[in-house]
Structure formats: structure tokens, C-alpha cells
Amino acid sequence: MARAALRANPLRSALTMLGIIIGIVTVTLMSSFVTGLHDSFHNAMSFMGADVYYVDKHSWQGGNWMMQRNRPNITVQEARDLERRMTTARAISVGASEWSVKLKYGTNELENIRAAGADRQYEVTNSLDMDQGRFFGEQELTSARPVCIIGYDVWDQLFHKSNPIGKTMRVNGYPLEVIGVAKRAGGMFGFWSVDHEIIMPLQTFFSAFGDPNRTLTIAIKAKNVLTKEDTKAEAIYQMRMVRGLKPGEDDNFGINSEDAFNTEFDKLTVTLQMIGLVITGLSLLVGGIGIMNIMFVSVKERTREIGIRKAVGARRRMILSQFLTEASMLCIIAGSIGLMLAFGAALYINHNVLGTDSTVQLHFSLVLILSGLGISLGIGVASGILPAWRASKLDPVDALRYE
Amino acid sequence: MQTEIEHTAENSVIFLENIQKIYKMGQEFVYALRGVTVGVQRNEYVAIMGPSGSGKSTLMNIIGCLDTPTTGNYFFNKVNVAGLDDNDLAEIRNREIGFVFQTFNLLPRSDALHNVELPLIYAGVGKDERRERALEALDHVGLADRASHKPNELSGGQRQRVAVARALVTRPSIILADEPTGNLDSKTGEDIMRLFNELREQGNTLLVVTHEEDVARHAERIVRIKDGLVERDEMIPASERIVPGSHT
């Protein structure tokens, strides 16, 4: 019955559905984008390791930046003291970093590369795997040998994947010999990933970039990921001891982990999701109003039909469900078309706009499809209930007389 | 000539007892029916006649359970239906009453078969049985070969026959026809009246509402309504009845 009614007025049905179609397309694309962003970020952050804490001058998460500026720098000596005291750490490394250096090899140049100075434990705390060559040895560390390990992107873009081992490149003009290439980590933002990094012995780093009193970062990898909170607590306690802080005095260092990013980013994702839903939900609301409007028109036009149906014995509930079914079908059809369009658009965007090797991809899950259909059905019922109710309440005598 | 039998709720298919229908129009009350008492027995063929404004339409709506009386009792197969609610009345219309309207009132987008099936759908009859019974009813009115035609592909007389088939399909206690020939030319109207005669002979109970003497004269009994009251209730002697010719 409902299908016949839709077919009777295809153009009007199509125009009415357009609102829902657009609504579903925007809602699902928005949602798949936010989900994609979220997943990609968590992937990108996972290189840090869930069981690693970073002792820094600054806290990554919140706090007063100006007050933190006056904190003492973190030194190699403090790192060594901490290492001696810690009992729940698997490895402790100390490192320094320059966020943006320029690499030159032959005529090739590469900018905005992160340079890290590190000790031998860095390989463990940062879960480094070597793709080619090797990590630097104790001898190279203590004698500040001009050697370095390069990330995958650096190898790709500076050396065009030719054999880099034994080659000398210039880092801000300072010559360094490549002794290894780290395995590709992947990640959303280059500078947060080892792919876009070069790593050299700490002493070499000071020679290349100067300022040996700069603040350092101590990375602490927990013995056991399950008891990492204990490791964190111990790290705070031991660092206070190293610093000689009195009870009641505030920490004058930050203890950071990927959780800090993840928590912040999860908040951002939820906010994005909410804003997105409100904005895109508006188009669904407009679509729903369109459905409601057309259903009122349909009830009016078919007053006589309703009268006939009632005369031959249709109960209220049957008339109600007929019009509810009709509104729901309109919305389900529109929702399905919207989902197909959104799926097509997502495939297109993933392939041609973001690119297949992009770490951000639109995620089109079964949950998304089911909730899209569920939302469509919900709108159908919500926008159909009032017109259907009105139809079911019609007086059969009046309805039969209606012209 | 008055009816010989005394009608009671016990011996009638329908028995209306002192039915009043009062409408409120603004500040004024309009008395459409002022106390109608009438009964119809099984297998009777009765015409209700009256000029427009006489209250016959109101009476027919109440008899058809499309409307409820303001006061009075209405016994349908001995059950008082005067106080029933919408859904119960819908069920009585579905099971006990077959309607034939002046304007046919078929669903324009559905074919003849579906139109005839409609009451059975609401009666909850299964698909196969529904189809079988609807085809049977169409065959009964001589339209078995028009089952898949839509109303706009049928002539006026054929449409009214589809409507009659729809009225018959649930095997109702009473067939209620409201000006069944009003939209038909006289020859086609005569065909429909002949069909009614046949239905009567097959044991159906027929109630025809009309303002045309010629139509009413087909019945065995005429109930005349005027100013909301039964003016006259008379049996028509066989010699005065119009019997439609047996050929078209």
C-alpha cells in the first residue's frame, strides 16, 4: 500500500527525500571523518608506547607555561641519579632535541627535520627497530663521534632510498655519517614520528647544536605495562628526591606520557563529534520537517481514501500504521540512498583527496551504516506520527464526503 | 398498508429504537432525527426514502455504524451498538455491513481485485483465501475478467459492480446502498437494480437509501422519512413492484 503511494507521485517523493538524503550524507561523512581522525591520532601516538613516561621541564598537559619557564633545566646528571634510584624501570634514557633542522646530502635538501641527541638506552625506551645498519655504540657515544641514525622519510626523501650507510650528510652544516636507518613507524604528523627524525649521540648533538646546558628529556620505560602507574609514582617520588624537594613543595618538573595527548585529543574528538552532529543534524531536522509536511499533504489528499478504508472496517491503529509505514519507508529509502552516496564519496575522498597512503582515512563501519538506517527510521516515525495520528482520527462520515 | 409483523430487537437484523441525532451548530441545536423506530428482518429488501434534509442520510450513517445516535438504542443482531467506540464500530462495519455508495468510493490507484480484497485485509483473512474470495465475488457480479483493471479503466456500471462485489465479499448481515444508481444512466442503473434483486433472491438483506420513487419501487417495503421522523412504513404489493427486465 505504502509503496503504491510512493510510486504514484515519484517526483514529489524524490524531492521530499532529498532533505533526508543530504542529511544522512553529511552526518555519516562527518562522523566517519572524525572517527578516522581519532583512529589515526591514536595510531600516531602509539609509537611513544603506553608504558613510557617522559620527565620534562614542562608538563604537556595544561599548567602555567610562564611559571614552568622558571623551573630548573633537566640535566644529564639528574638523569643518571634517577636511573640509579628507580627500581620499577626497565630502561631510562636521556635525550635532547632540535625541532627543525636542515639536512643536505649532495644537492638534496630536507627541512623541518627533528634532530635528537640520545644515549644508548634510547633504543629501548623509544622502541627503535633498525631497518638497515645499526644503532650507535658506547664508544661512539662517549667520544662524540659524528654519526647518526636516520628515519624512513629522511632516507626516502634525502637519499631517494639509495644505500645511505657510510654516507655523510650535513645537518645545519655539521657533517654526520649515517650508520643506520630506523624502521618505518608511520603516523599522522611527521614531526611526531621517528620517520622524520635523525638520532645522534648526545655529545655529538651538543657539538652540532651547542648549548650543552639546555633542558633534556628523561624517558622512563616501565618494567611492566600493567604496573606503569607505580612506575609513574616512583618516578615522581625519585625525581623529587633527586631535586631535593621538601614535602609540600610543588614538583618543579613535568611527568608526561602519551595519555596526556590521548586524553586531550579524546576531548577534542568528542567536541568535534558533538559540533558535527549538531550542525549536520540540522539538515536532518529540515529533512524530517519536509517529510512531515508531505505526509500532512498526503493525508489531506487521501482523506476520501481514508474514509473508504474506515467504512470497510479499518481500525484506527491500521490507518495509523499505514501512514507511519509510508513515512518510515520514505526515510529508509532516502537514508539508504544517502548512505550509498556517502560511501561512494568516502571511497573517492580516501583515494583521490587524502590518498591511499594517508594515515587519515574516512572510516565507514557497519555501526555507522546501521546507525544511519536507525536514524532514518527514527526520523520517519517521528515526522510521520502526527500526520498519521490525524489520519487515524478522521471521522468516516466527513472523510467520505470530502471532495 | 402497514407492516404486518411487529419489529422487535429479537426478530430483526437491525432494530432502531427511538433514535435521535442532535447536532450543535453554533448556539443552535439541529434535530436531524427526532425519534426513529424501525426494524429490518433477515432477507428483507427495504428502501428508505425521503427528500434531502429529511434526515435519511443521517439515518443511513447511523445504520451503517459510521455515526452514533445522540440518544436511543440500536440493536445489530440483538447487540446494542449505540454506545460502542470507534474501533468496535469499525469491526461491525467490517464483518456485518457491505456498503454501496453513490460515488462508488473505490480506491483509484488499486485494481478491482485489490478493492474487493480490502475488507478482507482488515478482517485479517490470509492472502490466498482473500484472493480466492475476492475473485469469487467479482465473478458473482459478472466482472471476473476485469479483476486487474483500475477504476478509471472501468465504466460507471462496472465500477458500481466492483463496489457491490466489495460489499458482498465479507458475507455481511446487511448490504447498505446509498443512492446506488445516482451516478449512473438509467439503463446501467437498471442493471444494478437487477443485481440487487438477484442478491435478494439469494438470501441477502438489502437496505437502499434513495430519494427516487422509481428506485424505491424495486424494494418490498418502503420506509419514508420526513423531518427526522418515520412518516410511513409500507409493504409494496408484488403487483406494484418494479421488476427489472431479465435481459440487458
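Residues numbered from 1 in each chain as written. Chains lettered and ligands numbered in written order. Predicted model: local features only at pLDDT ≥ 70, side-chain atom pairs only at ≥ 80, totals over all residues. Heavy atoms only, no water.

1. Concerning the overall build of chain A
Within chain A, the regular secondary structure consists of 14 helices and 10 strands. Taken over the C-alpha atoms alone, chain A extends approximately 105 × 55 × 35 Å along its principal axes. In chain A, which comprises 403 residues, the share counted as buried stands at 48%. For chain A, restricting intrachain contacts to residue pairs at least 6 apart in sequence, the fraction spanning at least 24 positions comes to 75%. For chain A, the accessible surface area stands at approximately 19,300 Å², while carbon and sulfur atoms represent 59% of it. The averaged location of the 38 negative side-chain charges in chain A is 9 Å from the averaged location of its 41 positive side-chain charges. (Helix = DSSP H or I, 4+ residues; strand = E, 2+ residues; numbered from the N terminus. Buried < 20%, exposed > 50% of the residue type's maximum accessible area, 1.4 Å probe, protein only. Contact = heavy atoms within 4.5 Å. Areas by Shrake-Rupley, 256 points an atom, 1.4 Å probe, with all protein chains shown as cover. Lys, Arg positive; Asp, Glu negative; His and termini not counted. Charge placed at Lys NZ, Arg CZ, Asp CG, Glu CD.)

2. Section: the domain arrangement of chain A
Annotation of chain A at the domain level lists domain 1 (2–44 + 261–401) and domain 2 (51–256). Each of domain 1 of chain A and domain 2 of chain A has a C-alpha centre, and the two are 51 Å apart. (Domains from an automatic or database assignment.)

3. Section: a negative patch on the surface
Side chains of Asp128(B), Glu132(B), Glu136(B) and Asp139(B) sit close together on the surface and give a patch of like negative charge. In this structure, Asp139(B) sits in helix H4 (residues 127–140). (Patch = residues over 30% accessible without salt bridge, like charges linked within 9 Å, V, L, I, M, F, W, Y side chains within 5 Å. Salt bridge = Lys/Arg side-chain N within 4 Å of Asp/Glu carboxyl O.)

4. Side note on the packing of aromatic side chains
For any pair of aromatic rings, geometry is given as the distance between the ring centres together with the angle between the planes. Residues and elements named next belong to chain A. Taken as a whole and assessed by the stated rule, the structure comprises eight aromatic pairs over all chains. Where tyrosine 152 meets tryptophan 155, the ring centres are 5.8 Å apart and the plane angle is 75°; that geometry is what we call edge-to-face. Here tryptophan 155 and tyrosine 152 lie together in helix H7 (residues 152–158), a separation of three residues that amounts to about one turn. For tyrosine 152, a relative accessible area of 17% translates into the label buried. Through a chain of ring-to-ring contacts, the aromatic side chains of Phe205, Phe206 and Phe209 assemble into a single cluster. If you follow arginine 114 out to its NZ or CZ, it ends over the ring of tryptophan 99, 5.1 Å from the centre. (Phe/Tyr/Trp six-rings, centres within 6.5 Å; stacked < 30°, edge-to-face > 60°. Lys NZ or Arg CZ within 6 Å of the ring centre and 35° of its normal.)

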